[in-house]
Amino acid sequence: VFHGRILARRSVGRETRYEVEVKARYRQRFPLVSREYLWVPSTCGCPALSEGGEYLLMARRHVNHEHTLNRILLQDGGYARAWTPREARLVREAARHC
């Protein structure tokens with residue numbers, strides 16, 4: 001779970017790749033760097049993440065069986081909400097209890 005700002009969006013094959021500036025990390029099961037690529041397995045624009053927009057994102061690390069692919073994946077129906085200070089507070093409080 002992290003707070004990120006969308007820097008760019010690009011369709012790659014049948015997927016969408018977002019370049020994201022990681023602003024804050026709330027719950028971290030894998031390391032994140034300050035700039036990451038976030039992959040969405042469709043090109044429909046779902047969820048609608050706008051360039052320049054800031055979001056609270058819950059993604060997972062996806063590694064294929066051959067260990068040749070290692071990326072951050074926002075699954076279909078994944079959690080992506082517009083970031084607000086209230087959302088950040090709620091996530092921080094929840095992270096303390098989980």
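Everything numeric here is computed off the predicted structure, so don't read it as measured data.

Participant: I'd like a description of the pattern of salt bridges, backed by residues and values.
Facilitator: This structure, assessed with the given rule, holds five salt bridges. Among the ionic pairs, Arg-5 bridges to Glu-21, the shortest N-O distance being 2.8 Å. You can see Arg-5 sitting in strand β1 (residues 2-12) and its partner Glu-21 sitting in strand β2 (residues 15-25), a full 16 residues away along the chain. The closest approach of N and O atoms between Glu-93 and Arg-89, which form a salt bridge, is 3.6 Å.

Participant: I'd like a description of the confidence of the model for the protein, backed by residues and values.
Facilitator: With 94% of its residues at a pLDDT of 70 or more, the protein shows a mean pLDDT of 84. Averaged pLDDT values over the elements of the protein bottom out at 79 in helix α1 (residues 85-97) and peak at 93 in β1.

Participant: Account for the nonpolar core, with residues named and values stated.
Facilitator: Counting residues in each nonpolar core, the largest one holds 15 residues, and the members touching the most others are Phe-2, Tyr-18, Leu-38, Leu-49 and Leu-57. Elements represented by at least two residues in this core include exactly β1, β2, β3 (35-40) and β4 (54-58). For this core, the element with the highest residue contribution is β2, accounting for three residues. Leaving out residues up to four positions away in the same chain, Phe-2 has contacts with Val-20, Val-22, Ala-24, Arg-25, Tyr-26, Leu-32, Tyr-55, Leu-56, Leu-57 and Ala-59.

Participant: I'd love a proper account of the pairing of β2, names of residues and values included.
Facilitator: For β1 and β2, the ladder comprises 10 bridges, and the chain directions are antiparallel. Note that in β2 the partner of Ser-11 across the bridge is Thr-16. In this antiparallel pair of consecutive strands, β1 and β2, the connection spans two residues, and Gly-13 shows a positive phi of 60°. As paired elements, β2 and β3 share six bridges and run antiparallel to each other. The residue of β3 that forms the bridge with Thr-16 is Val-40.

Participant: Just give me the short version of the packing of aromatic side chains, but keep the residues and values in it.
Facilitator: Summed over the entire model, instances satisfying the criterion amount to zero aromatic pairs. Of note, Arg-71 hangs over the ring of Trp-39, and the distance from its end group to the ring centre comes to 4.8 Å.

Calculation criteria
Residues numbered from 1 in each chain as written. Predicted model: local features only at pLDDT ≥ 70, side-chain atom pairs only at ≥ 80, totals over all residues. Heavy atoms only, no water. Salt bridge = Lys/Arg side-chain N within 4 Å of Asp/Glu carboxyl O. Helix = DSSP H or I, 4+ residues; strand = E, 2+ residues; numbered from the N terminus. pLDDT = per-residue confidence, 0-100. Core = buried A, V, L, I, M, F, W, Y, C linked by side-chain atoms within 4.5 Å. Buried < 20%, exposed > 50% of the residue type's maximum accessible area, 1.4 Å probe, protein only. Contact = heavy atoms within 4.5 Å. Pairing = 2+ DSSP bridges. Phe/Tyr/Trp six-rings, centres within 6.5 Å; stacked < 30°, edge-to-face > 60°. Lys NZ or Arg CZ within 6 Å of the ring centre and 35° of its normal.

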